[in-house]
Every structure is written in structure tokens, then in C-alpha cells.
Amino acid sequence: MSRPELRIPRTAARAKRLSRPVRANLVALPLLIVIGLIWVYPFLWIVTGAFKTQNGLFTGGASLMPDQWNFDNFRRAWVDAGFSKFFLNTVVYAVVSTLVELFKSALCGYILARYEFPGRKALHQLIVATLFVPVASIIIPQFVLVDSLGLLNTRAGVILAMSGAAGALYVLLFIGFFAGVPSDLFDAAKLDGAGFLRTFRLVLPLAKPVIAVVVIFQFISNWNEFNIPLVFTLGQPDLQNLAVGMLSFKGEHSVDWTGFAAGMTLSVIPMLVVFIFFQSYFVRGLAGATKE
């Protein structure tokens, strides 16, 4: 009979200790829900605006539900505004530029993490210094370089310019990952006769978390890029991407806001798909995880 008497105070003490976090959660959870709804509301308003009429968009106020469903906005965006060709251009630019940036930053991070050579520290510091250089400030040198190569007003020129940034953040992520890989793995590869590229190809699949971070960040950045596709395709408007194609909804005296909302909705879908596909590795990559 003595043991149950001892359990009661322990249970009460445990309940008392747990009650404080529970009370905090009861306050924090509704507050976070309200903040989340405020944060996501503009996005939801754009998505629902894609299904409204022009009059319904302005007379509906802050309401999300359309008074009359209008699917013609998507046809107008895809056909009349030329989003079919803009969408194809955007996919090509985003995918190819992301692959180039991924290979470039992974290879650079691998070399800086695993090899000692003269000027290694200076190169590392120079890459870090590029984090403080505004991307828009290098568009003129990029333009001159692409023009001198004869790639102006071409897809190759746009891809070269979009993947020509230093990518310092990605390099640093790969440096942190490859520096944490056990040296025994590289020694075993050398004993098997693996050279530089083969060893790199063997250890790169281990960096899936970092690869996911690079793919998500770079793909979204390339997908939303406006300046480079605009400046580098002035002579070939058919090579512009979705971000620049949004200007098609702006007329001389008016703006097709519902068509613009439909275009925005269409342009957001691929980014959501990419993020959902890679989200399982995303947090681990930012944390610098070194294994699955």
C-alpha cells in the first residue's frame, strides 16, 4: 500500500512540471496561427483572384471567395499573353542554370575542403567577400562578356549570365559538408585507384541535404529572375521568361489584373513542386548534415 502513496506525489509533480509548457503552447499556437494566416493571405488573395472577374476582383474587397468563377483568365494568360513560350523558356533557364551552379559550387567546395594548395586561404576569403557584392552590380560586366562571346539574345547567353554569379553561399555549404566527411572514405577510394573526378563522383551523392538546399534556392532564384532575361533578350522578346512576360498584362492605359493573377498562379506551381520534392533534405542541408 505504500508504493501507490509514493506515486501520487510524483505524478502530481510531473503534471505540475508539464503544465507550464502546455500553458505556453496554448498561448503560442493560436498566435502563430494568426501570424501564419496574415503572412499567407496575400498569396491566397492572388490565387483566388485568378478565378475572379475584373469587377469581382475590385468589388470583392478582401474576400477570398469569387462571386463568379472565371476560368478564362488562365486561357488569356497562357494563350493571349504568350505564357506557353515564356513557361518553356523559364524551365530551360531555371533547370540548366541550377545544374551549372550546382556542379560549379560542389566542385569548388570539394577542392577547397579536401586539397591544400598555394593561395587556398586567399581564394576562400575572396569567395566569402563576394557575399557582400550586390548581384545587380555585375550585370554590366556580364553583358559585355556575353556580347563579346556572340551570345546576346540567345538562350545560352541568358543561362551563362544566370549561372555566372559566384554562388559563395553554396560553396561554403559544400566546404562544410566535405570537410566533415571521414578521411577514411577518401583513403579507401585512393587505394581502389580512384582519381580526382571519380572520387568526387563517389562522395557527391552523400551530399543530398546540401544539394537540396542549392537546388531549392537556385531554382527559385532563377525562376523569379527578372533583370537578366530582360536585359539579355531585348532583341528577342520571344526568349523572355515568365517574370518578364508579366509585363504583357500591362497596357498603355490599363492593367489586366485578373490575367496577371492567373499568370502569377501558373508561375508559382513549379516552385512549390520543387520545394515539396526536396523538403525532406532541406533542413538537414542548412544544418550542415554530413550523412543521411
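Residues numbered from 1 in each chain as written. Predicted model: local features only at pLDDT ≥ 70, side-chain atom pairs only at ≥ 80, totals over all residues. Heavy atoms only, no water.

A.B. asks: What should I look at first to understand the overall build of the protein in this one?
C.D. replies: Looking only at helices and strands, the protein features 14 helices and zero strands. For the protein, the N- to C-terminal ordering of α and β elements is α-α-α-α-α-α-α-α-α-α-α-α-α-α. A buried classification covers 35% of the 292 residues belonging to the protein. For the protein, restricting intrachain contacts to residue pairs at least 6 apart in sequence, the fraction spanning at least 24 positions comes to 72%. When the accessible surface of the protein is totalled, it reaches about 17,600 Å², and 70% of it is carbon and sulfur. (Helix = DSSP H or I, 4+ residues; strand = E, 2+ residues; numbered from the N terminus. Buried < 20%, exposed > 50% of the residue type's maximum accessible area, 1.4 Å probe, protein only. Contact = heavy atoms within 4.5 Å. Areas by Shrake-Rupley, 256 points an atom, 1.4 Å probe, with all protein chains shown as cover.)

A.B. asks: What is the right way to read the pattern of salt bridges from this model?
C.D. replies: Pairing between side chains of opposite charge can happen when their charged atoms approach one another. Scanning the model with the defined rule gives six salt bridges in all. Glu101 is the partner of Lys104 in a salt bridge, and the nearest nitrogen-oxygen pair spans 3.2 Å. Of this pair, Lys104 and Glu101 both sit in helix H4 (residues 83-114), three residues apart, which is roughly one turn of that helix. With relative accessibility at 30%, the residue Lys104 sits in the partly exposed group. Of the charged contacts in the structure, one is a salt bridge between Arg120 and Glu116, with a shortest N-O distance of 3.8 Å. Taking the relative accessible area as the measure of exposure, Arg120 reaches 21% and is therefore partly exposed. (Salt bridge = Lys/Arg side-chain N within 4 Å of Asp/Glu carboxyl O.)

A.B. asks: Sorry if this is basic, but what is going on with the packing of aromatic side chains here?
C.D. replies: One pair of aromatic rings is described through two measures. These are the centre distance and the angle between the planes. Across all of its chains, the model carries 21 aromatic pairs by this definition. Look at Phe51 and Trp69: their rings are 5.5 Å apart centre to centre, the planes differ by 65°, and that puts the pair in the edge-to-face class. Placement of the pair is Phe51 in the loop between helix H1 (2-49) and helix H2 (54-59) and Trp69 in the loop between H2 and helix H3 (72-80), with a sequence separation of 18 residues. By relative accessible area, which is 49% here, Trp69 ends up partly exposed. By way of ring pairs, the aromatic residues Phe103, Tyr110, Tyr115, Phe174, Phe177, Phe178, Phe186, Phe196 and Phe200 are connected into one cluster. (Phe/Tyr/Trp six-rings, centres within 6.5 Å; stacked < 30°, edge-to-face > 60°.)

A.B. asks: Help me understand helix H6 (residues 139-148), please; the structure alone is not making it clear to me.
C.D. replies: Given 3.6 residues to a turn, an α-helix orients residues that are three or four positions apart in the same direction. Among all positions in H6, only Ile139, Gln142 and Val146 are buried. For H6, the angular spread of the buried residues around the axis is 60°, confining them to a single face. Across H6 from its buried face, at more than 90 degrees, point the exposed residues Ile140, Pro141, Val144 and Ser148. Positive backbone phi, at 75°, marks Gly150, one or two positions downstream of H6. (Arc of directions from axis to C-beta.)

A.B. asks: Even after reading the chapter, I still don't get the nonpolar core, so can you show me in this structure?
C.D. replies: Nonpolar side chains in soluble globular proteins tend to be buried together. Formed by 44 residues in total, the largest nonpolar core has its most connected members in Phe83, Phe174 and Phe178. Those elements that place two or more of their residues in this core are H3, H4, helix H8 (168-180), helix H10 (196-203), helix H11 (208-223) and helix H14 (257-286). For this core, the element with the highest residue contribution is H4, accounting for nine residues. In contact with Phe174, other than residues within four places in its own chain, are Leu102, Ser105, Ala106, Gly109, Leu204, Ala207, Val210, Ile211 and Val214. Judged by nonpolar contacts, the second largest core, of ten residues, contains Tyr93, Ile159, Met162 and Leu239. (Core = buried A, V, L, I, M, F, W, Y, C linked by side-chain atoms within 4.5 Å.)

A.B. asks: Even after reading the chapter, I still don't get the confidence of the model for the protein, so can you show me in this structure?
C.D. replies: For residues with low pLDDT, the predicted coordinates do not support detailed interpretation. Mean pLDDT for the protein: 82, with 87% of residues reaching 70 or above. Within the protein, the lowest mean pLDDT, 71, falls on H1, and the highest, 92, falls on helix H7 (residues 155-162). (pLDDT = per-residue confidence, 0-100.)

A.B. asks: Mind showing me how you'd approach the environment of Gly49 here?
C.D. replies: Summarising the element assignment, Gly49 is placed in helix H1. The spatial distance from the C-alpha of Gly49 to the C-alpha of Pro66 is 7.4 Å, given a sequence separation of 17 residues. Residues contacting Gly49, with those up to four places away along its chain left out, are Leu57, Asn73, Thr258 and Ala261.

A.B. asks: Is there a simple way to think about the side chain of Gln218 in this case?
C.D. replies: Mapped onto the secondary structure, Gln218 falls in helix H11. Not counting the four nearest positions on each side in its chain, Gln218 is found in contact with Thr98, Glu101, Met162 and Tyr170.

A.B. asks: Please clarify how a nonpolar patch on the surface should be interpreted in this entry.
C.D. replies: A cluster of nonpolar side chains, Phe43, Leu44, Leu272, Phe275 and Ile276, forms an exposed patch at the surface whose accessible area comes to about 430 Å². Tallying contributions element by element places H14 first for the nonpolar patch, with three residues. With respect to the helices and strands, the residue Ile276 is situated in helix H14. Take Ile276: its relative accessible area is 54%, and that puts it in the exposed class. (Patch = residues over 30% accessible without salt bridge, like charges linked within 9 Å, V, L, I, M, F, W, Y side chains within 5 Å.)

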